[in-house]
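Report on the structure
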Amino acid sequence: MAVIHHTTLKPTKLELLTDWLPTRPWYRGGPDAPVLEKSGGFRLDDPEGEVGIEFIVATDTSSPERTAYLAPLTYRGAPLAGAEHALVGTMEHGVLGRRWVYDGCHDPVLVTEVLALIEGRAQAMAQSLSDTPDHEVTRSHSGAPLGAAGFPLAPADDRDGTRIPVPQGGILHVHRVLTPVAENPPQPPRGAPGHVATGWPGPDGTRLRAVLMTLNAA
């Protein structure tokens, strides 16, 4: 399992996201830079132990609406060939040295482990604790087994998020702008063969919950 190092990062993850988020078609903010806080998220383990996989819920607090974004990121010790367009930035890790940070929707390691999570073959892990499952993350799956993601991937961004074709002809919809719901736990849209959901702290001690990813039929 991944070991979480509590150390320095230069620049920080939120500093990288502050520059990167406004370049995305699903960004809801205006011309000014977002004011981000790290609200929550979880991790997945890379079975090979080489790639860090993290799902960050980053909330833009610059307006009263407090927009929550989902940023799936991968951290690598060397550049990912063919993924230059998906590079969020580089940072210096106090223990591991230079790390290349990618939009994980373009990284086959992340997408493969998301499919394993949806099927129940992988366990969501706590964001900031080593070897600790995150039991608030829920998932569902029905239908044919899902295989490993192929490479190169072909994710497509639009105003509603990112859609990634997956094995067996399905589409993984990553909800980049999170819409909190009253259900606990959040349920997938009707007819969707799979989903991932979780919660994060809201303002004034509230708990917000949403579907993060939906597996749709092609």
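Provided above is the structure to which this section pertains.
Below or above, wherever it landed, is the structure these notes cover. Being a predicted model, the structure only gives us computed values, none of them experimental.

Relative to the assigned elements, Leu146 resides in the loop between strand S7 (138-141) and strand S8 (156-158). Residues Leu146 and Val101 lie 45 residues apart in sequence; the distance between their C-alpha atoms is 26 Å. Sequence-distant contacts of Leu146, defined by excluding residues within four places in its chain, comprise Leu115, Ile118, Glu119, Arg121, His141, Pro167, Gln168 and Leu215.

In spatial order, the strands read S7-S11-S12-S10-S9-S8; together these six strands make up an open sheet with antiparallel pairing. At either margin of the open sheet sits one strand with a lone partner, and together these are S7 and S8. With strand direction ignored, the average angle separating the axes of adjacent strands in the sheet is 20°. Here strand S10 (residues 171-174) runs beside strand S12 (residues 207-216); their pairing, made up of four bridges, is antiparallel. Along S12, the bridge assignment pairs Ile171 with Asn216. In the packing of helix H2 (residues 108-119) onto the sheet, contacts are made with S7, strand S9 (161-165), S10, strand S11 (194-201) and S12, and the angle to S7 comes to roughly 85°.

The next point concerns the pairing of strand S5 (residues 87-93). Relative to S5, strand S1 (residues 9-10) is paired through two bridges, and the arrangement is antiparallel. Opposite Lys10, over in S5, you have Glu92 as the bridge partner. In the sheet, S5 pairs with strand S6 (residues 97-103) via six bridges, with the strands oriented antiparallel. What sits directly across from His93, in S6, is Gly97.

The rules behind each value
- Residues numbered from 1 in each chain as written.
- Predicted model: local features only at pLDDT ≥ 70, side-chain atom pairs only at ≥ 80, totals over all residues.
- Heavy atoms only, no water.
- Helix = DSSP H or I, 4+ residues; strand = E, 2+ residues; numbered from the N terminus.
- Contact = heavy atoms within 4.5 Å.
- Pairing = 2+ DSSP bridges.
- Axes fitted to C-alpha atoms, helices over the stretch in contact; angles between N-to-C directions.

Taken by themselves, the reported measurements are silent on function.
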